[in-house]
Amino acid sequence: MLAALAGLAVGSVAAGLLGTRQTPVVAIGSAFIDRVPPWLKDLAVNWFGTHDKTALRVGILVVLLALAAVGGVLAVRRYWAGSLVTVVLAGLAVAAAATRADAGQTGFVPSAVAGLTALGILRLYSRRLEPLLDTPDDGVSRRGFLQLSAGVALGAAAIGALGRLVGGNRAAVADARKALQIPQPPSRGAPAGVQADGATSWVTSNDDFYRIDTALSVPQILPEDWKLRIHGMVERELELTYDDLLKREVVHKWVTLTCVSNEVGGDLIGNALWSGVLLKDLLEEAGPSTDADAIQSMSKDGFTAGTPLPTLLDDRQAMLAFAMNGQPLPVEHGFPVRIVVPGLYGYVSATKWLTDIEVTRFDRFEAYWTPRGWSELGPIKLSSRIDVPRSKAPAGQVTVAGVAWDQHVGVSKVEVRVDGGPWQQATLATDASVDTWRQWHWTWNATRGNHVLQVRAFDAKGKPQIEASAPPAPNGATGLHTVDVKIG
Ligand SMILES: Nc1nc2c(c(=O)[nH]1)N[C@H]1C(S)=C(S)[C@@H](COP(=O)(O)O)O[C@H]1N2
Ligand SMILES: [Mo]
């Protein structure tokens, strides 16, 4: 186990020095994420929520240490058997790292170096342990074994600490992000909105914004290294740098982003002011072929999304965003540039760490989530959520409040009912645009006892949301958000 830990420590230093994210654990974890069956992914998200990535890292470590222990026991009598375990594990990591989208030429090196380190230490151990097999009471050999262990443990800890220091270009990217001067929105004017205690604020701060992606370790891209290619079925290929982007006409737009995995009543949704450049302008400059019906956008880490071309060319102001609530995009939210398309779930549109846009046809590619059981097209479904009260309230006048959304269509009405009684109309807060969620509130004369609150929304055309319960897969959950409240 110490040999394995020392290998991981050396591997992480190697990754830091080479400026790759592919430490052995990240390489194996990323390969695992790409192959995990949907039921297991859902289970992990249910158990660990947005801590699922930490859980995966811990899980990999535990399994690795268990296998290392087996290898260690084998190596006491037969070094080759123990080293075989090490070689297989390191080989898996090397293969995983070498096949990542952003592996580069050196992505496999940290895993290879980790394997060699572990093999070397295992060899030292088997030498030390051989004499103990014949004379278990030999104090000198015992001391030698303990000294070696202490040395390896200390060395691994020191190298691990060093690994944190040389941790890739994380620090450089953070500094570059801080130093950026980006065009500011004219005024941050958010509508006044509903201010009830515990009501969700209309603007979601960058820190509170939900984060969903497949990146076990977030891509670190310096703005000066960022380049976007727009190519494929176009008349003229475009290549764009970060500076080119900032020099263009900038739009600022409130858009509510939603994840298709959001359960009824869930919190994988947030509203922010995005600043960026219209995709319509860029695509028209490139001149898409009349045969094209989609773009495939690609992230630095190989994630892809397929977005219908018409949603990028119409008036909804789909954009290449570089700022979120007046700040350069946080690294977790796609720094330096991502896509934001009002009305579409994130998995078919909102590519973070964007590096490539191919104008193409849906019948020529499959985006990341399509072969994993999610629909090719992902328009956001009309939905509503109760935010207060969530569990209990004192008897009397109780403010029931929440949000409803149907991006790019709009919400016209929200209704609430108590204990399955008649639907009652809630008051809607001011409408910023059809592309954002809408806050609502309703005053309830609550009596003592246990009650059930439900909410439903209507779209701009007066159509109610779907009441039948359906899970998030394959294209978004439906059903009424239902909350049990104890009034006392
Ligand atoms: N590179 C990359 N971009 C991505 C994803 C991803 O896994 N990788 N996930 C998408 C999904 S499913 C959603 S819901 C949104 C979430 O954006 P956020 O994390 O900024 O809230 O990002 C989208 N963009
Ligand atoms: Mo998502």
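Residues numbered from 1 in each chain as written. Chains lettered and ligands numbered in written order. Predicted model: local features only at pLDDT ≥ 70, side-chain atom pairs only at ≥ 80, totals over all residues. Heavy atoms only, no water.

- The name given to the protein chain in an unreviewed UniProt entry is Sulfite oxidase, and the organism recorded there is Kribbella antiqua.

### Some thoughts on the overall build of the protein chain
Item 1. From N to C terminus, the protein chain includes eleven helices and 19 strands.
Item 2. Based on the C-alpha atoms only, the size of the protein chain along its principal axes is roughly 85 × 65 × 40 Å.
Item 3. Within the protein chain, the proportion of its 488 residues that are buried is 51%.
Item 4. In the protein chain, 75% of the contacts between residues at least 6 apart in sequence involve partners at least 24 apart.
Item 5. Summing over all exposed atoms, the protein chain offers an accessible surface of approximately 22500 Å²; the carbon and sulfur share of this is 57%.
Item 6. Charge-centre separation for the protein chain: the mean point of 45 positive side chains lies 6 Å from the mean point of 46 negative side chains. (Helix = DSSP H or I, 4+ residues; strand = E, 2+ residues; numbered from the N terminus. Buried < 20%, exposed > 50% of the residue type's maximum accessible area, 1.4 Å probe, protein only. Contact = heavy atoms within 4.5 Å. Areas by Shrake-Rupley, 256 points an atom, 1.4 Å probe, with all protein chains shown as cover. Lys, Arg positive; Asp, Glu negative; His and termini not counted. Charge placed at Lys NZ, Arg CZ, Asp CG, Glu CD.)

### Structural notes on the UniProt feature "transmembrane region" (unreviewed entry) in the protein chain
Item 1. The UniProt entry lists residues 55–76, 83–101, 107–125 and 145–167 under the feature "transmembrane region" (unreviewed entry), expressed in the numbering used here.
Item 2. In residues 55–76, the share of helix is 100% and the share of strand is 0%. The end C-alpha atoms are 32 Å apart.
Item 3. Helix makes up 84% of residues 83–101 and strand 0%, and the two end C-alpha atoms of the span are 30 Å apart. (UniProt positions renumbered as here; feature names shortened; annotations may be inferred.)

### A closer look at the UniProt feature "domain: Oxidoreductase molybdopterin-binding" (unreviewed entry) in the protein chain
Item 1. Look at the UniProt record and you will see "domain: Oxidoreductase molybdopterin-binding" (unreviewed entry) annotated at residues 216–369.
Item 2. Taken as a whole, residues 216–369 contains 12% helix and 37% strand, while its terminal C-alpha atoms sit 17 Å from one another.

### As for the domain arrangement of the protein chain
Item 1. Here the protein chain is partitioned into domain 1 (2–168), domain 2 (223–372) and domain 3 (383–487).
Item 2. Computed over C-alpha atoms only, the centres of domain 1 and domain 2 are separated by 37 Å.
Item 3. Between domain 1 and domain 2, the contact holds eight residues from the first and seven residues from the second.
Item 4. Across the domain 1/domain 2 interface, buried area totals approximately 590 Å², and carbon plus sulfur atoms make up 47% of it.
Item 5. Summed over the shared surface of domain 1 and domain 2, the result is zero salt bridges.
Item 6. If you look at where domain 1 meets domain 2, you find two residue pairs in polar contact (both at pLDDT 80 or more). (Domains from an automatic or database assignment. Buried area = accessible area lost by both parts, 1.4 Å probe. Salt bridge = Lys/Arg side-chain N within 4 Å of Asp/Glu carboxyl O. Polar contact = N/O pair within 3.5 Å; in protein donor to acceptor, adjacent residues only side chain to side chain.)

### Quick look at the pairing of strand β7 (residues 319–324)
Item 1. With six of six residues buried, β7 is to be regarded as a mostly interior element.
Item 2. Taken together, the three bridges between β7 and strand β9 (residues 338–340) define a ladder with antiparallel strand orientation. Residue pairing across strands places Met319 opposite Val340, the latter belonging to β9.
Item 3. With two bridges connecting them, β7 and strand β8 (residues 327–328) associate as antiparallel partners. Following the sheet pairing, Ala323 is matched in β8 by Pro328. (Pairing = 2+ DSSP bridges.)

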